[in-house]
Amino acid sequence: MSVWSRLYNGETEFRFVPRWRLWFAISGLIILAGMASLLTRGLNLGIDFEGGVAWETPAGSASVADARDAVADAGVLDARVQELGTGGDRSIRVQAEESDDPGAVTDALAELTGADPSDISYQEVGPSWGEEITNKAIRALIVFLVLITVYIAMRFEWKMAVATTLALVHDILVTVGIYSLFGFPVTPATVIAFLTILGFSIYDGIVVFDRVDENARALLATNDRTYSRMVDDSMNQVLMRTLNTSITSLIPIGSLLVVGSLVLGATTLQEFALALFIGMLSGAYSSIFIASPALALLKEREDHWSKLRSRLGPQADEVAPRRSTAEVEESADDAPAAAAARPRPTTVGSIQARGRKKGRRR
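Residues numbered from 1 in each chain as written. Predicted model: local features only at pLDDT ≥ 70, side-chain atom pairs only at ≥ 80, totals over all residues. Heavy atoms only, no water.

*Asks:* For this particular structure, what's the right way to read the layout of surface pockets?
*Replies:* Think of a ball as big as a water molecule: rolled over the atoms, this probe shows where empty space is left. Of the voids in this model, the largest pocket is the one considered here, and its volume is about 440 Å³. In terms of lining, the largest pocket is formed by 18 residues, of which the most central are Leu-43, Val-176, Val-186, Val-191 and Phe-194. Contributing elements (two or more residues each) for the lining of the largest pocket: helix 6 (127-155), helix 7 (158-182) and helix 8 (188-222). In terms of residue count, the dominant contributor to the lining of the largest pocket is helix 8 (five residues). A per-class count over the lining of the largest pocket returns 15 nonpolar, three polar and no charged. (1 Å grid on protein atoms, 1.4 Å probe; cavity = no way out; pocket = protein on both sides within 12 Å on 5 of 7 lines; lining within 4 Å. Points joined across faces, edges and corners; volume = space filled by probe spheres on them. Helix = DSSP H or I, 4+ residues; strand = E, 2+ residues; numbered from the N terminus. Nonpolar A, V, L, I, M, F, W, Y, C, P; charged D, E, K, R; others polar.)

Following this line, the structure appears as structure tokens:
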């Protein structure tokens, strides 16, 4: 049977939990590089956050390099120049922190592009609006994390909530770090996309944890494998669903990124789609390689699962062959009956009680 067929039927044998050190190391290196860049370079904040000035003009036959040289000659050396639109609708947007003579920049752009100075828009943006957006985004993020943690703790258990929160923090740090490393511009559209990707990461993790919760109930009745092995089995059973969700989400976002921004020149779409694309990749990674191994590590510390691992021996994760999804669901349904039919342990008290009953019958 091919790997695709086994993947489709949830019959793969990929080992995720035993390699948790590798997955955590990969994420740790990415996060450390991003945080080092964040401390040294910071983020490339747009004028909506830092304040500044902006011009937008019909491009004519001018290129981005020509516009950058023209505004530099007019005294603006730190300009960020973008080309918007295609064909006859092409325009050039120039952003800078400040300008001592905005009129000189307007005249330079008009001379370069052949546009009338009245057709060149100019605006000044204060940092207060961007600061307000940032504060609201931070408050929304905190409320979101608290509500999600409480919901998962009530729906499943608090250790699953901890693992989910850890994956969310991972996605935040990875996305922010990549934006700092590559100097991608941070705009209000980026902030909106940033909050959107957290919901995707949660959804992907819940799919895995729901199957883990079902299989854990069956494992309490059989005790034939460790909790870590059961988590691996659960992830393999839903791996195809996770991959399908990720792929079908990334394809339209990739279309927005390539067609909407690079072909049509819609800058806002580019800023929104780029944050979504990075965040969803990170979310798909964290739901498989961060959240689930973290849950297994937390649960293996519990007394029951720790003793089970000791009883099963050094090859605990390899003791029982992986069961099919149907077998796992059947075992979960039979778990209450199996627990009731299991013989009770014999103790001194139970022997004495049976002796007293026999004496009374005599």
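*Asks:* How do you make sense of the nonpolar core when you look at a structure like this?
*Replies:* Note on soluble globular proteins: their nonpolar side chains tend to be buried together. In terms of nonpolar packing, the biggest core is built from 59 residues, with Phe-16, Met-160, Val-212, Tyr-227, Met-230, Val-231 and Leu-295 touching the most fellow members. For this core, the secondary-structure elements that each account for two or more residues are helix 2 (20-40), helix 6, helix 7, helix 8, helix 9 (227-263), helix 10 (267-299) and helix 11 (303-312). In terms of residue count, helix 8 provides more of this core than any other element does, 13 residues in total. In this structure Leu-295 touches Lys-159, Met-160, Ala-163, Phe-209, Val-212 and Tyr-227, once residues within four positions along its chain are discounted. In terms of nonpolar packing, the next biggest core, distinct from the first, is built from 16 residues, Ala-59, Ala-67, Val-76 and Ala-96 among them. (Core = buried A, V, L, I, M, F, W, Y, C linked by side-chain atoms within 4.5 Å. Buried < 20%, exposed > 50% of the residue type's maximum accessible area, 1.4 Å probe, protein only. Contact = heavy atoms within 4.5 Å.)

*Asks:* What is the right way to read the pattern of salt bridges from this model?
*Replies:* Two side chains that carry opposite charge are able to pair once their charged atoms sit near each other. One pass over the full model with this rule turns up 13 salt bridges. As a salt-bridge pair, Glu-56 and Arg-93 come within 3.5 Å of each other at their nearest N and O atoms. With a gap of 37 residues between them, Glu-56 in strand 2 (residues 52-58) and Arg-93 in strand 4 (residues 91-96) connect regions that are remote in the sequence. Between Lys-307 and Asp-303 there is a salt bridge, and its shortest N-O distance comes to 3.2 Å. One end of the pair, Lys-307, and the other, Asp-303, are both in helix 11, four residues apart, so they sit about a helical turn from each other. When its relative accessible area of 55% is taken as the criterion, Lys-307 is described as exposed. Salt bridges sharing common partners tie together Glu-157, Lys-159, Lys-299 and Glu-302. (Salt bridge = Lys/Arg side-chain N within 4 Å of Asp/Glu carboxyl O.)

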